[in-house]
Amino acid sequence: MASFDLHEAHETANAAANHVDHGWQKVSYPKRQRKTKSNSNSDPDTSRPNGTLTNGAPNVFRSLEQQSEDRRRRILDAQRAHALAAVDANAKAKNNRSNLDDDDDDDDDSDLEGVKPNEKPAEEKKVKQKKPKKPKVTVAEAAAKIDRADLSVYLDELKGEQPEIQMQKFANFYGKAFQEVVGGQFPWVKIFRESPIIKLADIPLSNISDAVYKTSADWISQQSLEALGFFILWSLDIILEDLVAQQPSAKGSKKSVQQVSSKSKVGIFVALAMVLRRKPDALISVLPKLRENSKYQGQDKLPVIIWMMLQASQGDLAVGLYLWAHHLLPIIGGKNCNPQSRDLILQLVEWILSASKAWSILVNAAVRKGEHLVPPSSFEILMRVTFPASSARVKATERFEAIYPTLKEVALAGSHGSKAMRQVSLQIFNFAIKAAGESSPELSKEAAGTVIWCLNQNADCYRQWEKVYLDNLEASVAILKRLSEEWKEHSVKFITLDPLKEAIKNFRNKNEKSMNSGADADNQTLFQDLDKYCKHVSGKLSRGHGCMKLAFGVIAIAVGASIISPNLDALDWNKLSVVFSS
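Keep in mind that this is a model prediction, so the values were computed, not measured.

### So, the overall build of the chain
Helix and strand content of the chain: 28 helices and two strands. Burial analysis of the chain (582 residues in total) assigns 37% to the buried set. Long-range pairs, those at least 24 residues apart, make up 75% of the contacts in the chain between residues at least 6 apart in sequence. Taken as a whole, the chain presents about 35,400 Å² of accessible surface, with 53% of it coming from carbon and sulfur.

Below is the structure:
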């Protein structure tokens with residue numbers, strides 16, 4: 001900087017010496033020059049007042065140009081000097097930083113030496129030390145560390161606390177047991193979405209030892225149904241919160257990325273599965289809340305609900321079918337059921353029906369605490385999805401056709417003549433007679449057969465039929481046609497034929513009045529068909545009644561003959577049996 005100042009001073013001094021007037025001279029007007037011409041001629045060596053020389057050459061602007069060039073030269077020199085000074089300053093700053101790195105005892109203020117005021121001090125880069133990675137713990141490894149004795153002591157210490165608190169602490173025990181298992185070791189959302197039902201049955205209890213499971217199950221059996229119901233909903237809320245946290249990223253992103261939870265939920269799944277298996281009735285107790293609360297509904301939550309019902313099914317197969325028929329089958333009957341949901345729901349019932357001795361278990365337990373495992377409303381849905389119109393058939397229709405016979409037996413099972421069966425048969429009759437009159441031939445035939453079953457279960461169904469007869473002509477035609485064509489099959493199932501005989505008589509009277517009153521052409525055809533089938537059934541009833549009288553007469557004669565002649569040969573009895581059977 002000092003060299004720059006001396007150079008500038010030197011330049012300034014030279015310019016002052018050469019141009020004392022700074023390049024400016026006095027300029028006068030031409031008129032005045034003419035007036036003073038005589039005076040100027042007396043001294044030819046002296047410059048003229050207007051600044052021209054004696055030879056007439058103008059020299060005034062030459063000094064201006066020279067000073068402008070000098071000014072530009074000084075500016076360029078100043079820029080070069082400033083650039084050199086900046087290079088020197090940067091070099092000094094680097095030297096200062098290197099000195100600071102070598103000397104750890106310098107004060108903090110020394111960091112600013114050699115640095116311009118507008119520059120930030122250089123920060124020393126901190127080298128992060130990598131933390132040693134913890135070994136990944138699998139679900140099986142964590143489960144193997146659970147000690148049955150520790151669990152037993154822990155559960156004994158819970159006595160005296162509120163039942164709900166005990167259940168939460170029970171889950172907390174397993175939460176701590178699996179706390180080292182990260183979410184990546186148990187990606188339950190992916191497992192539930194991609195695995196078939198059969199693979200979900202033992203998740204995650206397959207890793208729990210029999211001793212630990214038995215200790216937990218024995219303790220669970222001592223808890224009240226209310227506490228268990230509370231625990232089921234509490235656990236389900238935690239699982240669904242984790243499900244929401246693992247939902248794909250926002251809509252703005254091109255690719256949806258699933259957020260994997262850092263903490264696994266193995267413990268809560270283990271505790272919940274144990275409760276559902278040991279006390280499956282607890283899930284039935286909270287079923288109304290699952291149906292009514294919207295937070296438990298939706299396709300994204302369906303795999304979790306099905307997993308819960310699958311666990312309960314392993315505890316009690318009948319409870320599993322009850323849950324399926326009351327909660328899941330109505331979803332299929334809804335308008336918003338998609339193929340994925342339908343497949344999951346079918347997988348569960350197929351798993352239930354494929355269990356060992358499933359038919360005998362379900363038929364014998366068809367009525368549970370006064371309720372049917374498959375209620376009439378669910379049976380109607382099942383009938384309609386199994387026998388849809390030909391244009392409405394889907395891939396799942398064949399699967400429904402495969403499970404329909406067993407589920408129908410369960411729906412119609414019960415004690416004949418009991419109050420519960422009379423009520424159920426009347427409910428089934430009301431929807432079956434409507435279905436019998438629909439245009440789908442398969443549905444109409446199946447519903448007509450169901451109506452005939454209802455008639456044999458409850459005589460009130462005959463009276464109900466008479467009330468709705470004229471409003472359901474197509475259905476009545478289908479019922480009477482099937483009864484007429486399959487008389488041998490159905491007649492043996494009737495305990496008494498008198499109510500049917502009375503109903504046919506009333507139907508013939510209605511047909512005759514309607515045809516005589518001038519019904520329209522379509523109804524005339526229906527009444528003609530009805531009258532034809534009524535006559536056909538009436539004839540069978542009359543012949544059957546006469547045969548019954550003859551049979552009783554033959555039996556009476558045979559009994560009398562045996563009394564009179566005890567030595568009647570066995571051959572004669574055989575002949576009598578042939579006559580009776582013919």
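### So, the nonpolar core
Within the largest apolar cluster, 143 residues are counted, with the highest numbers of intra-cluster contacts made by Tyr-174, Phe-178, Leu-283, Met-308, Trp-324 and Phe-379. If one sorts the elements of this core by residue count, helix α16 (residues 317-333) sits on top with eleven residues. Residue contacts for Phe-178: discarding those within four places in its chain leaves Val-139, Ala-142, Ala-143, Ile-146, Ile-208, Ser-264, Val-266, Gly-267 and Val-270.

### Some details on the environment of Ser-285
Mapped onto the secondary structure, Ser-285 falls in helix α13 (residues 281-285). For Ser-285 and Gly-229, which are 56 residues apart along the polypeptide, the C-alpha to C-alpha distance reads 6.6 Å.

### Regarding the packing of helix α19 (residues 376-386) against helix α22 (residues 441-457)
Working note: a packed helix pair is described by the angle between its axes plus the distance between those axes. The N-to-C vectors of α19 and α22 enclose an angle of 145 degrees; their axes lie 10 Å apart at closest approach. Of the two elements, α19 crosses α22, and the hand of that crossing is right-handed. Of the residues in α22, those touching α19 at Phe-379, Met-383 and Arg-384 are Leu-443, Glu-446, Ala-447 and Thr-450. Of the residues assigned to the contact of α19 with α22, the class counts are four nonpolar, one polar and two charged.

### Side note on the side chain of Ser-378
Among the structural elements, Ser-378 can be located in helix α19. The class of Ser-378 is buried, set by a relative accessible area of 3%. Leaving out residues up to four positions away in the same chain, Ser-378 has contacts with Ala-325, His-326 and Leu-329.

### Things to note about the environment of Ser-360
Relative to the elements of secondary structure, Ser-360 occurs in helix α18 (residues 358-364). The class for Ser-360 is partly exposed, based on a relative accessible area of 27%. Placed 50 residues apart in sequence, Ser-360 and Val-410 show a C-alpha to C-alpha distance of 9.7 Å. A polar atom in the side chain of Ser-360 sits 3.1 Å from the backbone oxygen of Lys-357.

### Brief notes about empty space enclosed by the protein
Within the structure shown, the criterion is met by two cavities of 30 Å³ or more. There is about 30 Å³ of room inside the second largest cavity. Taken together, Trp-188, Val-189, Phe-192, Arg-193, Leu-243, Asp-300, Pro-303 and Val-304 make up the lining of the second largest cavity. Looking at the lining of the second largest cavity element by element, the count peaks at four residues for helix α8 (residues 188-194). Of the residues in the lining of the second largest cavity, the class split is six nonpolar, no polar and two charged.

### A word on the confidence of the model for the chain
Detailed conclusions should not be drawn from predicted coordinates in areas where pLDDT is low. Taken as a whole, the chain shows an average pLDDT of 81; of its residues, 72% reach a score of 70 or greater. A low-confidence stretch, residues 35-54 (pLDDT under 50), is modelled with 24 contacts involving residues beyond four sequence positions or located in other chains. When the criterion is pLDDT under 50, residues 102-117 qualifies, and its contacts beyond four places in sequence or with other chains add up to eleven contacts.

### Brief notes about the packing of helix α17 (residues 339-353) against helix α20 (residues 397-412)
Contact geometry of α17 with α20 gives a least axis separation of 11 Å together with a crossing angle of 40 degrees. With respect to their mutual orientation, α17 and α20 come out oblique. Crossing of α17 over α20 shows left-handed handedness. Together, Arg-342, Asp-343, Leu-346, Gln-347, Val-349, Glu-350 and Leu-353 of α17 and Arg-399, Phe-400, Ile-403, Thr-406 and Leu-407 of α20 make up the contact between the two elements.

### Remarks on unusual backbone geometry
Residue Pro-204 follows Ile-203 across a cis peptide bond; omega there is 0 degrees. With respect to the element layout, Pro-204 can be found in the loop between α9 (197-200) and α10 (210-221).

### Some thoughts on the packing of aromatic side chains
A complete count under the given rule lists 16 aromatic pairs for this structure. The interplanar angle of 55 degrees and the centroid separation of 5.2 Å between the aromatic rings of Trp-188 and Phe-269 together place this pair among those described as tilted. Of this pair, Trp-188 sits in helix α8 while Phe-269 sits in helix α12 (residues 266-278), and the two are 81 residues apart along the sequence. Among the residues examined, Phe-269 registers a relative accessible area of 0% and is labelled buried. Considering the side-chain rings of Phe-231 and Trp-234, the 5.9 Å spacing of their centres and the 40 degrees angle between planes classify their relative orientation as tilted. One end of the pair is Phe-231 and the other is Trp-234, both in helix α11 (residues 225-245) and three residues apart, which spans about a single turn. What makes Phe-231 buried here is its relative accessible area of 0%.

Rules and cut-offs
Residues numbered from 1 in each chain as written. Predicted model: local features only at pLDDT ≥ 70, side-chain atom pairs only at ≥ 80, totals over all residues. Heavy atoms only, no water. Helix = DSSP H or I, 4+ residues; strand = E, 2+ residues; numbered from the N terminus. Buried < 20%, exposed > 50% of the residue type's maximum accessible area, 1.4 Å probe, protein only. Contact = heavy atoms within 4.5 Å. Areas by Shrake-Rupley, 256 points an atom, 1.4 Å probe, with all protein chains shown as cover. Core = buried A, V, L, I, M, F, W, Y, C linked by side-chain atoms within 4.5 Å. Axes fitted to C-alpha atoms, helices over the stretch in contact; angles between N-to-C directions. Left-handed = near helix turned anticlockwise from the far one by under 90°. Nonpolar A, V, L, I, M, F, W, Y, C, P; charged D, E, K, R; others polar. Polar contact = N/O pair within 3.5 Å; in protein donor to acceptor, adjacent residues only side chain to side chain. 1 Å grid on protein atoms, 1.4 Å probe; cavity = no way out; pocket = protein on both sides within 12 Å on 5 of 7 lines; lining within 4 Å. Points joined across faces, edges and corners; volume = space filled by probe spheres on them. pLDDT = per-residue confidence, 0-100. Parallel < 35°, antiparallel > 145°, perpendicular 65-115°, else oblique. Phe/Tyr/Trp six-rings, centres within 6.5 Å; stacked < 30°, edge-to-face > 60°.

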